[in-house]
Structure formats: C-alpha cells, structure tokens
Amino acid sequence: MRKDKIDAAIGIFVIVVIFLVVSYLVQSNLDYVKSIIGVSPTSMLIYVLILVFATVVAPVNGMPLLPVASNVWGWFLTGILSIIGWTIGSIIAFSLARKYGVPLVKKFVPINDIAKYEKLIPEENIFWSIVFLRISVPADILSYVLGLFSRVKFRTYFFATLIGVSPLAFVFAYVGTMSIFYQIITFITAILIILLGYSIGKKYKRKKLMRESTKEPVKDLDLKDAG
C-alpha cells in the first residue's frame, strides 16, 4: 500500500475516533454543554465560521464539531448550518484558486495533494461528477483542484457543491445524535461501502483499459489511392 493511502487512512481513522470521543463526552454531559454553548444566533454563526475556516485551510477539520452542534441544536438545524458553512468555504477556496493560482493555493493545501487529485477532474458530466466527488474527496482539496484545473462555470460549481455536501451534512449530523454503539456500526458500514465502491470502480477502470487496448488502431487513409 502506498504511503499516501496509508496517511489518508490514518487521517480518516483519527477523525472518526475524535468524532466518537466528542460524541460520548457531549452526550454524557449534555446539560453542561448546552449551558456553555446555548441556542443563540451568535453560537451558530461561530459554528458556521469555523466550518468555513476549516474548508479553506486544509489541515483543519470541522467534522468533530458536528456531534456537539447536533446534540445541542438538533440534527436538522445542524445539517442546515453545516451545508452553509461547507458551501461558503468551498466557494472561497474555489475562487481563491481560480483568481490567484498555485502560488496562493500551496499556502493552504500541500501541492502534492493538488497534483494527486488533479486526475480526478472529469471531462464529461462535470455537474454530477462534482456532486459525487463531494462525497469521496475532501471539500477543501476538491475546491482548490477544480478552481485550478477545470473550466467549470461558477454557477455549475455552486449548485453541484450545494447538492453534493447536503447528504453528508444531514447524515453526519444525525449520526452525532446516535449512541456510540450505533455510531461505530454506522462508520464501519460506511467504510465497507466505500471500499466496495472503490474496488468495483477499480475493476471497471481496469476492464475499460483492457477493452481499449484490444481495439484495432484505425488505419490512415491512403490519399493517393483515394484519388
């Protein structure tokens, strides 16, 4: 297994563990947490701003905050706030990349990560490709890559991003309100589904390459004979 895949797996594992630990602590001390955070526009604005910052600055991840917010404000409202934060952050990252290019982007995202995800940019069906990539690729990296290397229009990017982040926002917000046991089951199931999808996609890509390699090359026409 390549080092970048190992690092990615470790990163996901750490985020999941932090998510579970935070969920347990919040659910065990919910009244105390509610007394500190409260249900106020100010606290919700701070939450959204944190998600925006976490999306623009790659090393930061706001996912562990979801169980805090969902247990205090409810999973539906937390889902809405998360969509707002992630979408605004993605728009900022996309706009920075589109306007200032690599010199600025590399200050927020490792340049190796940008190069690694560049090949994921599709040439066709860009709208739905962005929607599905939002589910599997970190929002910050994908936003920078699309801003740098694609010609997608801003309107297309905006609506594809909005649709792409919405399911994850509601799912993770709801998972944050579940008991730790069911959270663990959910994460294990999600990982297995992702691995299965990755395996199927890899086999499909391999078969496609094999079919293309077996096609006979088109012979050049002999213009002399054509006359």
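Relevant structure appears above.
Residues numbered from 1 in each chain as written. Predicted model: local features only at pLDDT ≥ 70, side-chain atom pairs only at ≥ 80, totals over all residues. Heavy atoms only, no water.

Participant: Is there a simple way to explain the overall build of the protein chain in this structure?
Facilitator: A tally of helices and strands in the protein chain yields twelve helices and zero strands. Starting at the N terminus and walking to the C terminus, you meet the elements of the protein chain as α-α-α-α-α-α-α-α-α-α-α-α. Relative to its full complement of 227 residues, the protein chain shows a buried share of 35%. Of the contacts made within the protein chain by residues no fewer than 6 positions apart, 80% connect residues no fewer than 24 positions apart. When the accessible surface of the protein chain is summed, it comes to about 14,700 Å², and 69% of that surface belongs to carbon and sulfur atoms. (Helix = DSSP H or I, 4+ residues; strand = E, 2+ residues; numbered from the N terminus. Buried < 20%, exposed > 50% of the residue type's maximum accessible area, 1.4 Å probe, protein only. Contact = heavy atoms within 4.5 Å. Areas by Shrake-Rupley, 256 points an atom, 1.4 Å probe, with all protein chains shown as cover.)

Participant: Sorry, what's going on with the nonpolar core here?
Facilitator: Across soluble globular proteins, you tend to see nonpolar side chains buried next to one another. Ranked by internal contacts, the top residues of the largest apolar core, which has 25 residues, are Phe 19, Tyr 47, Leu 66, Trp 73, Leu 81, Trp 86 and Phe 187. Elements represented by at least two residues in this core include exactly helix 1 (3-28), helix 3 (41-56), helix 4 (66-73), helix 5 (75-100) and helix 10 (154-175). When residues no more than four places from it in sequence are discounted, the contact partners of Trp 73 are Ile 37, Gly 38, Val 39, Ser 43, Met 44, Tyr 47, Thr 78 and Leu 81. If you look at the next biggest cluster of nonpolar residues, it comprises 20 residues, including Val 109, Leu 133, Leu 142 and Val 145. (Core = buried A, V, L, I, M, F, W, Y, C linked by side-chain atoms within 4.5 Å.)

Participant: Teacher, can you tell me more about the packing of helix 4 against helix 5 here?
Facilitator: Geometry of a packed helix pair, given as the angle between the helix axes and the separation of the axes. Between helix 4 and helix 5, whose axes approach to 7 Å, the crossing angle comes to 135 degrees. On the basis of the axis angle, helix 4 is oblique to helix 5. For the crossing formed where helix 4 meets helix 5, the hand is right-handed. Between helix 4 and helix 5, the residues in contact are Leu 66, Ala 69, Ser 70 and Trp 73 and Trp 75, Leu 77, Thr 78, Leu 81, Ser 82 and Trp 86, respectively. Of the residues in the contact of helix 4 with helix 5, the class split is seven nonpolar, three polar and no charged. (Axes fitted to C-alpha atoms, helices over the stretch in contact; angles between N-to-C directions. Parallel < 35°, antiparallel > 145°, perpendicular 65-115°, else oblique. Left-handed = near helix turned anticlockwise from the far one by under 90°. Nonpolar A, V, L, I, M, F, W, Y, C, P; charged D, E, K, R; others polar.)

Participant: Sorry if this is basic, but what is going on with a nonpolar patch on the surface here?
Facilitator: A surface patch of nonpolar side chains, about 730 Å² in accessible area, is lined by Ile 10, Phe 13, Val 14, Val 17, Ile 18, Val 21, Tyr 24 and Leu 25. Structurally, Tyr 24 is set in helix 1. Take Tyr 24: its relative accessible area is 51%, and that puts it in the exposed class. (Patch = residues over 30% accessible without salt bridge, like charges linked within 9 Å, V, L, I, M, F, W, Y side chains within 5 Å. Salt bridge = Lys/Arg side-chain N within 4 Å of Asp/Glu carboxyl O.)

Participant: Explanation requested: the packing of aromatic side chains in the structure shown.
Facilitator: Each pair of aromatic rings is reported with the distance of its centres and the angle of its planes. Going through the model one piece at a time under the given rule, you end up with twelve aromatic pairs. An angle of 80 degrees between the planes, with centres 6.2 Å apart, marks the rings of Trp 75 and Phe 170 as edge-to-face. With a gap of 95 residues between them, Trp 75 in helix 5 and Phe 170 in helix 10 connect regions that are remote in the sequence. We classify Phe 170 as partly exposed; its relative accessible area is 23%. Counting every residue linked through ring pairs, the aromatic cluster contains Trp 75, Phe 76, Phe 170 and Tyr 174. (Phe/Tyr/Trp six-rings, centres within 6.5 Å; stacked < 30°, edge-to-face > 60°.)

Participant: Hey, could you run me through the side chain of Asn 71 in this one?
Facilitator: Considering the arrangement of structural elements, one finds Asn 71 in helix 4. In this structure the side chain of Asn 71 is engaged in a polar contact, spanning 2.9 Å, whose partner is the backbone oxygen of Gly 176. Discounting residues that sit within four places of it in the chain, Asn 71 has contacts with Val 26, Gln 27, Leu 30, Lys 34, Gly 176 and Thr 177. (Polar contact = N/O pair within 3.5 Å; in protein donor to acceptor, adjacent residues only side chain to side chain.)

Participant: What is the right way to read the side chain of Thr 55 from this model?
Facilitator: Among the secondary structure elements, Thr 55 is positioned in helix 3. One polar contact links the side chain of Thr 55 to the main-chain carbonyl oxygen of Leu 51, over a distance of 2.8 Å.

Participant: Explanation requested: the environment of Ile 46 in the structure shown.
Facilitator: Structurally, Ile 46 can be placed in helix 3. Between the C-alpha atoms of Ile 46 and Gly 85, which are 39 residues apart in sequence, the distance is 10.0 Å.

Participant: Just checking my understanding: could you explain the packing of helix 3 against helix 4 for this structure?
Facilitator: Between helix 3 and helix 4, whose axes approach to 12 Å, the crossing angle comes to 155 degrees. Between helix 3 and helix 4, the angle falls in the class roughly antiparallel. Judged by the twist between their axes, the crossing of helix 3 over helix 4 is left-handed. Each of Ser 43, Met 44 and Tyr 47 in helix 3 lies in contact with helix 4, whose residues at this interface are Leu 66, Ala 69 and Trp 73. Of the residues that constitute the contact of helix 3 with helix 4, the class distribution is five nonpolar, one polar and no charged.

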